[in-house]
Amino acid sequence: MDDNIMNALENLDMEEIDKLLGDSNIELDIDKKTKNRIKAMAYKKAGIKRKRYFYRKFVASAAAILLIVLTSLFAVGVDNIAAALGKYFTFIPNYGIIENNNTIQYVIDGQNLKAENSNFTMNINNVVATKDTVSVSLRIERKNFNEEDFMNQKQEEWDMLVKTNQMKGLNLSLMAQDNEYNITSYLSSSGGREEFIDASFKLSPEDINTEIIYKIKHIDYNLSIQFKLKTYESYNSLEEIGTTGYNNNISITAVSKKNDGVLEVDLYSINKSEYHINSFSKQYEYGYMDMDLHLMTSKGLREYKKPDSHTGPNTKFYFDVSNDEKDFVLKIPYLIVKTHESKNISLKIPEVGEKITVNKKVEFNDSVVRITEVEKVEEGGEYNSLKISLEYDNKSENVIMCGLHMSRVNIFGKPLGGGYSSNKDEDGILKHINYFLEEDEGKVLRLNIQEPTYYLLGEYSLELEAE
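Residues numbered from 1 in each chain as written. Predicted model: local features only at pLDDT ≥ 70, side-chain atom pairs only at ≥ 80, totals over all residues. Heavy atoms only, no water.

Caption draft 1: Layout of the environment of I277. Its place among the elements puts I277 in strand β16 (residues 276–279). Since its relative accessible area comes to 7%, I277 is described here as buried. Taking C-alpha positions, I277 is 7.0 Å from L335, a pair spaced 58 residues apart along the chain. Those residues in contact with I277 that lie beyond four places of it in its chain are I250, S269, N271, P313, L335, I336 and V337. (Helix = DSSP H or I, 4+ residues; strand = E, 2+ residues; numbered from the N terminus. Buried < 20%, exposed > 50% of the residue type's maximum accessible area, 1.4 Å probe, protein only. Contact = heavy atoms within 4.5 Å.)

Following this line, the structure appears as structure tokens:
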């Protein structure tokens, strides 16, 4: 290329790039949509970080940028690259990363907001607000935790549920200036000492802005916390938020901080796959091929601790580290995922002690479940159990089926009650189910097999920034 042209390209400013891809006389055989994609990638390659404004800073020549973009378009195709262009990300700590957010208007202003008394400490993990809803996430710690008292409390709640068919309500309210709003929906979980609550409140739109001082009140615990809302920042790439890895159409971004000998790591995912994420680490005592999430440091391998309780898949991990440890790399060897597929089957019920070879195949998208044999055994229930033996034919080397759920259905496929126990091998792969039979079961057990669960292999190696 002529040196004068090269020099001109290397000194293009933002306006000139716009002209080159917009209204110039240069013939480029691409449509307007593709030009916009190239322009967006050019901005990104140039190191321009968009929040509420543009930084006019270049770290590569415009000619090289356009060459990289055009080469990429031909190498992997416009449709594949489209998924990476024209995106922006909203990062809300302890909540998630939202892609192209057009729903959440405000987030909490401030951090480490808490209240306490002699019995409880209440922290606000996060707050998000839409045009008419404020959602508050709380963590509550019992100071004088007594396991026996806690179990008695839970037994009372269970007895109440059985008696009235209603769970004990959550006594929370939200004050917006002089207006008080009652809770409209919530999720809660408790591991004993800690309790996590995600509560939502429906508000008048005029009561949602950055000027109002709000107060969340837990009436039963006699605690309240004030907070305000603020607007949020957006990012052009996940890497601006934290170190990010990509596998199987799922990105994982790690945000970490080190304090008092503990490294805290929060994981945020954007899932473009057909799977639902169950876990980022092994479940219970089982892990595939004896592998599990762990931390590598300058002093070796560190295992994690998790919160006592959490809702949904756990995304927070703690590691004990010394003051002089460094070079933190988080290793995630697999994810545990599931799909929402389901199939109905029927199995013949033999006599007690009799074993029947079945070889019934149930096909899902990623694996074929083979029911090899059934046997009626005198265990697991008042009316004995049907022992169901399982094998799997996986369709991909990196998608390993490890479990499923079964539920009894009638002849029309309508769900009925029922339960079972299960046995797994050393890799946590389900091998046998003892399905509890009922009185007058008959000769056939009709089941719905749903939510096939897999180890989704593909390591994430995330270099953490906390030192």
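Anyway, onward from the coordinates.
Caption draft 2: Geometry of the sheet that holds strand β26 (residues 420–424). Reading across from one edge, β22-β23-β24-β27-β26 is the order of the 5 strands in this open sheet, with antiparallel pairing throughout. Among the strands making up the open sheet, the edge pair consists of β22 (355–363) and β26. Between one strand axis and the next, the sheet turns through 20° on average, direction left out of account. (Pairing = 2+ DSSP bridges. Axes fitted to C-alpha atoms, helices over the stretch in contact; angles between N-to-C directions.)

Caption draft 3: Up close: the side chain of S385. Mapped onto the elements of the fold, S385 is located in strand β24 (residues 385–394). Side-chain polar atoms of S385 contact the backbone oxygen of E379, separated by 2.5 Å. S385 has contacts with E375, K376, V377, E379, G380, N434, Y435, F436 and L437, leaving out every residue within four places of it along the chain. (Polar contact = N/O pair within 3.5 Å; in protein donor to acceptor, adjacent residues only side chain to side chain.)

Caption draft 4: The arrangement of the packing of aromatic side chains in detail. What the rule picks out here adds up to 8 aromatic pairs. Plain terms: the ring middles of Y214 and F227 are 5.4 Å apart, the flat faces sit at 15° to each other, and that makes the pair stacked. Of this pair, Y214 sits in strand β10 (residues 214–218) while F227 sits in strand β11 (residues 223–230), and the two are 13 residues apart along the sequence. Owing to a relative accessible area of 3%, F227 belongs among the buried residues under this scheme. (Phe/Tyr/Trp six-rings, centres within 6.5 Å; stacked < 30°, edge-to-face > 60°.)

Caption draft 5: How the structure looks around the pattern of salt bridges. Tallying each qualifying case throughout the model produces 21 salt bridges. Between E451 and K338 there is a salt bridge; the shortest N-O distance is 3.3 Å. Of this pair, E451 sits in strand β28 (residues 444–463) while K338 sits in strand β20 (residues 329–338), and the two are 113 residues apart along the sequence. (Salt bridge = Lys/Arg side-chain N within 4 Å of Asp/Glu carboxyl O.)

Caption draft 6: Inspection of the nonpolar core at higher detail. Counting residues in hydrophobic clusters, the biggest one holds 58 residues, and the most contacted among them are L267, F319 and I388. Among the elements that take part in this core, β28 stands out by supplying 9 residues, more than any other. Apart from residues lying up to four places away in sequence, L267 is in contact with I252, T253, A254, F280, L293, T315, F317, L330 and I332. (Core = buried A, V, L, I, M, F, W, Y, C linked by side-chain atoms within 4.5 Å.)

Caption draft 7: Expanded view of the pairing of β22. Pairing geometry for β22 and strand β23 (residues 367–377), over 7 bridges, is antiparallel. Across the sheet, K355 pairs through a bridge with E375, a residue of β23. Following β22, the chain reverses through 3 residues before pairing antiparallel with β23.

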